[in-house]
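If you want the building blocks of each chain, they are given just below.
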Amino acid sequence: MDSSVPVAIVMIGPPGSGKGTQSSKLSAFLGIPKISTGDILRQVASGSSRNSEEIRAIMETGGLVPDSILADLVTSRLSEPDCKKGFILDGYPRNIDQVIFLESLLQVKNYKLLVVEIAVPEDVLLKRVTGRFSCRGCGAIYNKYFLRPRNEKICDQCGSADFAYRSDDNELVVRERLREYTLQTLPVLDYYKAKHLLVSVDGNRSLDEVYDELTCHLSKVL
Ligand code: ADP
């Protein structure tokens, strides 16, 4: 891959598509940061800033946090020095207004934009999302249906026995997140497809298979 051109990779996929995991692997491989708006928002929501309460309430019901809040968070994160060589956006943009905003940001910075869709059927998504949990020690992600730790109660990566389920991962909320995805985010995919910026990867396979297809696609265009 040509590392002299700074690249902005946008990862898009419904909840449970594995885009967070794939973004992390790609981030380590390319040596550019992964920026997850979900993670940033969860951090703000757990604090006591002006917007914390509002963000927490919206995330708990599976809705989208207002664009203006995202715009501030993304602008400030992308201006940090580690983004100079490129970055991976995980979870942004999620609607057409966010697409337009990101375009205006990237215009100034002159990045090569590439958008990756990770596509997964809805029934698989529900199991993936409702079964998902993570290690509080190192952040490793597991699933009670598909990916348990080798030793039931101990993290494979760091040995911690402290696991967390996300509070927005129950089925009702997941359905609402999927609804938002269909309504707001599918038009984003159409938009990028029409601009020939979209690469679509079949996400209904093992993490390694998805990652191999992803990097194979990227090596052709980067
Ligand atoms: P998932 O992709 O599985 O839904 P995320 O961690 O990406 O999980 O997002 C969790 C929640 O954070 C979303 O349901 C939404 O409430 C909020 N969120 C994340 N990114 C955005 C965004 N770009 N715009 C609005 N809300 C967002």
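Coordinates for the structure precede this section.
Every value quoted in this text rests on a predicted model; they were computed, and no experiment measured them.

**So, the overall build of the protein chain**
A tally of helices and strands in the protein chain yields eight helices and eight strands. In terms of overall size, the protein chain behaves like a compact globule, its C-alpha atoms giving a radius of gyration of 17 Å where 222 residues would be expected to give roughly 17 Å. Once the C-alpha set of the protein chain is aligned to its principal axes, its extents read approximately 45 × 40 × 35 Å. Considering only intrachain contacts with a sequence separation of at least 6, the fraction spanning at least 24 residues in the protein chain is 69%. Surface summary for the protein chain: the accessible area is close to 11500 Å², and the carbon and sulfur share equals 52%. Seen as two clouds, the 28 positive and the 29 negative side-chain charges of the protein chain have centres 3 Å apart.

**What about a nonpolar patch on the surface?**
A contiguous nonpolar surface patch, about 390 Å² in accessible area, is contributed by Tyr-145, Phe-146, Leu-147 and Leu-207. Mapped onto the secondary structure, Phe-146 falls in the loop between strand 6 (141–143) and strand 7 (163–164).

**Quick notes on the sheet that holds strand 1 (residues 7–12)**
If you trace the five strands from one edge of the open sheet to the other, you get 2-3-1-4-8, paired in parallel fashion. Because the sheet does not close on itself, it has two edges, and the strands there are strand 2 (34–36) and strand 8 (198–202). Across this sheet, the average inter-strand angle for adjacent strands is 20 degrees, counted without regard to direction. Here strand 2 runs beside strand 3 (residues 86–90); their pairing, made up of three bridges, is parallel. Across the sheet, residue Ile-35 finds its bridge partner in strand 3, namely Leu-89.

Thresholds applied
Residues numbered from 1 in each chain as written. Predicted model: local features only at pLDDT ≥ 70, side-chain atom pairs only at ≥ 80, totals over all residues. Heavy atoms only, no water. Helix = DSSP H or I, 4+ residues; strand = E, 2+ residues; numbered from the N terminus. Rg over C-alpha atoms; globule rule 2.2 N^0.38 Å. Contact = heavy atoms within 4.5 Å. Areas by Shrake-Rupley, 256 points an atom, 1.4 Å probe, with all protein chains shown as cover. Lys, Arg positive; Asp, Glu negative; His and termini not counted. Charge placed at Lys NZ, Arg CZ, Asp CG, Glu CD. Patch = residues over 30% accessible without salt bridge, like charges linked within 9 Å, V, L, I, M, F, W, Y side chains within 5 Å. Salt bridge = Lys/Arg side-chain N within 4 Å of Asp/Glu carboxyl O. Pairing = 2+ DSSP bridges. Axes fitted to C-alpha atoms, helices over the stretch in contact; angles between N-to-C directions.

Just geometry here; none of it tells us what the structure is for.
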